[in-house]
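Chain by chain, the residues run as shown.
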Amino acid sequence: MYAKICLIFLFLSRGGAELLFKGVKEHHVTLPTQSEPWDVKQLLVWIQRNLLKERPELFVQGDSVRPGILVLINDADWELMGELDYQLQDQDNIVFISTLHGG
């Protein structure tokens, strides 16, 4: 069994992406214990089921984040960390930054 993982999520945007999460920009969460390590792909599913309150199509597309949403893992671009395959570590900081905005 893998230990529980505590994460901090920040949803930053000028376009209002945090509104998809009832206006809450910062979430401190503990993911449940599971038999395999958590990765970002599983995390996005968990976020959809537990945090995302409306219009999931504005945050996710398929099994990834929608184009226009930058993801940082511990202040590094997630592309450098393995994107969806990155295995989460206790106390990771995950930041989602929306570059999208309404007109």
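See the structure printed just above.
Since the structure is predicted, the reported quantities are computational estimates derived from the model, not experimental observations.

As for the overall build of the protein chain
Then step 1. A count of helices and strands for the protein chain gives 2 helices and 7 strands.
Then step 2. Going residue by residue from the N terminus, the α and β elements of the protein chain occur as β-β-α-β-β-β-β-α-β.
Then step 3. The proportion of buried residues among the 103 residues of the protein chain is 38%.
Then step 4. A separation threshold of at least 6 residues defines the contact pool for the protein chain, and within that pool the share at least 24 residues apart is 61%.
Then step 5. As displayed, the protein chain offers around 6,200 Å² of accessible surface, 50% of which is attributable to carbon and sulfur atoms.

Considering the pattern of salt bridges
Then step 1. This model, assessed by the stated rule, comprises 2 salt bridges.
Then step 2. Ionic pairing is found between Glu57 and Arg55, a salt bridge with its closest N-O pair at 3.2 Å.
Then step 3. According to the relative accessible area criterion, Arg55 is partly exposed, its value standing at 46%.

Focus on helix H1 (residues 40-50)
Then step 1. Within H1, the full set of buried residues consists of Val40, Leu43, Leu44, Trp46 and Ile47. For H1, the angular spread of the buried residues around the axis is 160 degrees, confining them to a single face.
Then step 2. Looking at where H1 begins, the residue whose side-chain oxygen comes 3.2 Å from the main-chain nitrogen of Lys41 is Asp39.

Describing the pairing of strand E5 (residues 69-73)
Then step 1. Here E5 shows one buried face, formed by Ile69, Val71 and Ile73, and one open face, formed by Leu70 and Leu72.
Then step 2. Across 5 bridges, the pairing between E5 and strand E7 (residues 93-98) is antiparallel. Paired with Val71 across the bridge in E7 is Phe96.
Then step 3. Adjacent in sequence and paired antiparallel, E5 and strand E6 (residues 76-77) are bridged by 2 residues, among which Asn74 carries a positive phi angle near 50 degrees.

Some details on the packing of aromatic side chains
Then step 1. Scanning the entire structure with this criterion turns up 1 aromatic pair.
Then step 2. Ring geometry for Phe59 versus Phe96: centroids 5.1 Å apart, planes at 65 degrees, classification edge-to-face. With Phe59 in the loop between H1 and strand E3 (60-61) and Phe96 in strand E7, the pair connects residues that are 37 residues apart, well separated along the chain.
Then step 3. The class for Phe96 is buried, based on a relative accessible area of 3%.

Conventions used here
Residues numbered from 1 in each chain as written. Predicted model: local features only at pLDDT ≥ 70, side-chain atom pairs only at ≥ 80, totals over all residues. Heavy atoms only, no water. Helix = DSSP H or I, 4+ residues; strand = E, 2+ residues; numbered from the N terminus. Buried < 20%, exposed > 50% of the residue type's maximum accessible area, 1.4 Å probe, protein only. Contact = heavy atoms within 4.5 Å. Areas by Shrake-Rupley, 256 points an atom, 1.4 Å probe, with all protein chains shown as cover. Salt bridge = Lys/Arg side-chain N within 4 Å of Asp/Glu carboxyl O. Arc of directions from axis to C-beta. Polar contact = N/O pair within 3.5 Å; in protein donor to acceptor, adjacent residues only side chain to side chain. Pairing = 2+ DSSP bridges. Phe/Tyr/Trp six-rings, centres within 6.5 Å; stacked < 30°, edge-to-face > 60°.

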